[in-house]
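Chain by chain, the residues run as shown.
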Amino acid sequence: MRHISPIIYITDECKLTSKYCYNGSSIKKFSGIENINKKFKNSIPLFFKFIDELILYNDFTPTNFFFHGGEPLLINLENWKTILGYFRKKEYPISPKIQTNGTLINDDFISLFKEFNVGIGISIDGPAFLNDQTRIFKNGSGTFSTIFKNIQKLKDAGIEFGCLVTLNETNIKYINEIYEFFKENNISFDIRPIFDTRYSVPKNLLITPQEFAEAWCKLFDLWFDDNEVRTSLIKDFNDFVAGFIRPDLFERMSICTFDASCAEHFLCYDMEGNIWHCDNLRGVPKFWYGNIQKESLTNILNSSKVKKLSKRFEVISKTKECKDCKFMKWHHCGCPARSYHYYGNYFKKDYFCESYELIFGHVYERIKSSIGKSKLLK
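Residues numbered from 1 in each chain as written. Predicted model: local features only at pLDDT ≥ 70, side-chain atom pairs only at ≥ 80, totals over all residues. Heavy atoms only, no water.

Enquirer: Whenever I open this one, the nonpolar core confuses me. Can you help?
Expert: Generally speaking, soluble globular proteins have nonpolar side chains that are buried together. Among the nonpolar cores identified, the biggest contains 113 residues, and Phe50, Phe65 and Phe113 are the most heavily contacted of them. When residues in this core are grouped by element, the largest group, 11 residues, is from helix 1 (residues 33–57). In contact with Phe65, other than residues within four places in its own chain, are Pro6, Ile8, Phe47, Phe50, Ile51, Leu54, Ile55, Phe87, Ile94, Ser95, Pro96 and Lys97. Grouped together as the second largest cluster of nonpolar side chains are seven residues, Cys322, Cys325, Cys333 and Cys353 included. (Core = buried A, V, L, I, M, F, W, Y, C linked by side-chain atoms within 4.5 Å. Buried < 20%, exposed > 50% of the residue type's maximum accessible area, 1.4 Å probe, protein only. Helix = DSSP H or I, 4+ residues; strand = E, 2+ residues; numbered from the N terminus. Contact = heavy atoms within 4.5 Å.)

Here it is, written out as structure tokens:
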């Protein structure tokens, strides 16, 4: 069934100077809250057009809307209420989710999240001594104390949220400390590897596939062997275990990395009406699909470009380096955006594919030793 989960690039501005910013926001001159919101308000009618066409394309089935930036909470309450109110007015089956740096959360936003049942993701790179090495304000001070205070507010208000840790050279050797921090504070989290983009992430922060795999497996073992922790502490690990027992469950993961055809199931929309293949490929002309001011979303998604990109896994799976991979049917050769940024070739396996082979092999063996080989589907 055709279905799109849109990533909404809601603003390219941010008040932080994260050392590995993927969107170039940290090097962009801040234009001010008033200007940001005036520009955004003017783009809302076009956004409504996109929403209508996207929900029609999805045949009115439940749809996640992922709001990214920049920093989405630079958009004021009035503008957010206009958008979320439109979802409700039209009775669209939309689940809004906002990925934020966590520094701007306040009581008004918390009321908004509760009123419209907004899911929240917060970027934080572990306890203070780790987070404040990479995620900093423009004046150079660390963000941890502000983020953690706001996390407590979300918990007190009963808001659904999770955290995302970017593993990089400053924190990858502190897996035990990261795990204990989130466990002790009862905060759900997932991990992602830092990776290079068109904005040239500092080389001293990048990690190798081997480093990522070792850190991931170490964290998995801490979680798998911990009888005192709730299994949902690390959602991705839950999904991995379930996916080995029932492979079809991998297809339901919200993470796009392992999607066999992410070009068919995800897109990035910017507030000027441009449709891009992916948030991490936004700005690269060859991955621009079109603009809904000029043609319908359905026509854009039925283009030859989309159809060609959607064949990536089919193409790679037949290559010599991939066809004999034992776990290819689960990881589908990883993220094509990383393939492009590292190798200049979309139709090549992910830079971290070596990691996934090690990770999936490790998880398989741990599950096999725990429940028996007969219960693992092949």
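Enquirer: What is the right way to look at the packing of aromatic side chains in this model?
Expert: Each aromatic ring pair is described using two quantities: the centre-to-centre distance and the angle formed by the ring planes. Applying the stated rule across the entire model yields 39 aromatic pairs. Members of the aromatic cluster, connected to one another through ring pairs, are Trp216, Phe220, Trp223, Phe224, Phe237, Phe240, Phe258, Phe327, Trp330, Tyr356, Phe360 and Tyr364. Taking the ring centre of Tyr57 as reference, the NZ or CZ of Arg2 above it sits at 4.0 Å. In this structure, Lys329 is placed above the aromatic ring of Trp330, and the distance from its NZ or CZ to the ring centre is 4.7 Å. (Phe/Tyr/Trp six-rings, centres within 6.5 Å; stacked < 30°, edge-to-face > 60°. Lys NZ or Arg CZ within 6 Å of the ring centre and 35° of its normal.)

Enquirer: Would you take a moment to explain the pairing of strand 3 (residues 94–100) for this structure?
Expert: Residues of strand 3 alternate between two faces, with Ile94, Pro96, Ile98 and Thr100 buried on one and Ser95, Lys97 and Gln99 left unburied on the opposite face. Taken together, the five bridges between strand 2 (residues 63–68) and strand 3 define a ladder with parallel strand orientation. Paired with Phe67 across the two strands is Ile98, which belongs to strand 3. As for the winding sense of the linkage, the β-α-β connection from strand 2 through helix 2 (residues 77–89) to strand 3 is right-handed. The pairing of strand 3 with strand 4 (residues 119–123) spans four bridges and is parallel. Opposite Lys97, over in strand 4, you have Gly119 as the bridge partner. One crossover worth recording links strand 3 to the parallel strand 4 by way of helix 3 (residues 107–116), and it is right-handed. (Pairing = 2+ DSSP bridges. Right-handed = clockwise from strand over helix to strand, strands pointing away.)

Enquirer: Hey, could you run me through unusual backbone geometry in this one?
Expert: Outside of glycine, negative phi angles account for most residues, and trans bonds account for most peptide bonds. Positive phi outside glycine occurs at Asn117, with the angle close to 55°. Tracing the sequence through the fold places Asn117 in the loop between helix 3 and strand 4. The phi dihedral of Cys333 falls on the positive side, at around 70°, and the residue is not glycine. Assignment of secondary structure puts Cys333 in the loop between helix 13 (328–331) and helix 14 (336–343). The exposure class of Cys333 is buried, given its relative accessible area of 1%.

Enquirer: Just checking my understanding: could you explain the packing of helix 1 against helix 2 for this structure?
Expert: Each pair of packed helices can be summarised by the angle the axes make with each other and by the distance between the axes. At a closest axis distance of 10 Å, the pairing of helix 1 and helix 2 adopts a crossing angle of 10°. By the criterion of interaxial angle, the relationship of helix 1 to helix 2 is roughly parallel. Between helix 1, through Asn37, Phe40, Lys41, Ile44, Phe47, Phe48, Ile51 and Asp52, and helix 2, the contact on the second element is made entirely by Glu78, Asn79, Thr82, Ile83, Tyr86 and Phe87. Residue composition of the contact of helix 1 with helix 2, grouped by class: eight nonpolar, three polar and three charged. (Axes fitted to C-alpha atoms, helices over the stretch in contact; angles between N-to-C directions. Parallel < 35°, antiparallel > 145°, perpendicular 65-115°, else oblique. Nonpolar A, V, L, I, M, F, W, Y, C, P; charged D, E, K, R; others polar.)

Enquirer: Can you help me understand the environment of Ile36 in this one?
Expert: Its location among the elements puts Ile36 in helix 1. When the C-alpha atoms of Ile36 and Asp12 are compared, they prove to be 9.4 Å apart, with 24 residues separating the residues in sequence.

Enquirer: I'm lost on helix 15 (residues 353–371) in this one. Help?
Expert: A turn of α-helix holds 3.6 residues, and therefore any two residues three or four places apart point the same way. Over its 19 residues, helix 15 runs 27 Å from end to end, which matches the ideal 27 Å to within 8%, given 1.5 Å per residue. Buried within helix 15 are the following residues: Cys353, Ser355, Tyr356, Ile359, Phe360, Gly361, Val363, Tyr364, Arg366 and Ile367. Tucked into the core, helix 15 has its buried residues touching helix 7 (209–224), helix 8 (235–245), helix 13 and helix 14. (Expected span 1.5 Å × (residues − 1).)

Enquirer: Any chance you could explain the sheet that holds strand 2 here in plain terms?
Expert: In sheet architecture, strand pairing relies on hydrogen bonds along the backbone and comes in two forms, parallel and antiparallel. What the nine strands build is an open sheet, ordered 6-5-4-3-2-1-7-8-9; its pairing is mixed. Each of the sheet's edge strands pairs with one partner strand only, and the pair in question is strand 6 (189–193) and strand 9 (288–291). Recorded for the sheet is a direction-independent mean angle of 25° between the axes of neighbouring strands. Both strand 1 (residues 5–9) and strand 7 (residues 266–270) contribute to a ladder of five bridges, which runs parallel. Of the residues in strand 7, the one forming a bridge with Ile7 is Cys268. Running at roughly 160° to strand 4, helix 5 (residues 144–157) makes contact with strand 4 and strand 5 (161–167) of the sheet.

The analysis is restricted to geometry; functional conclusions fall outside its scope.
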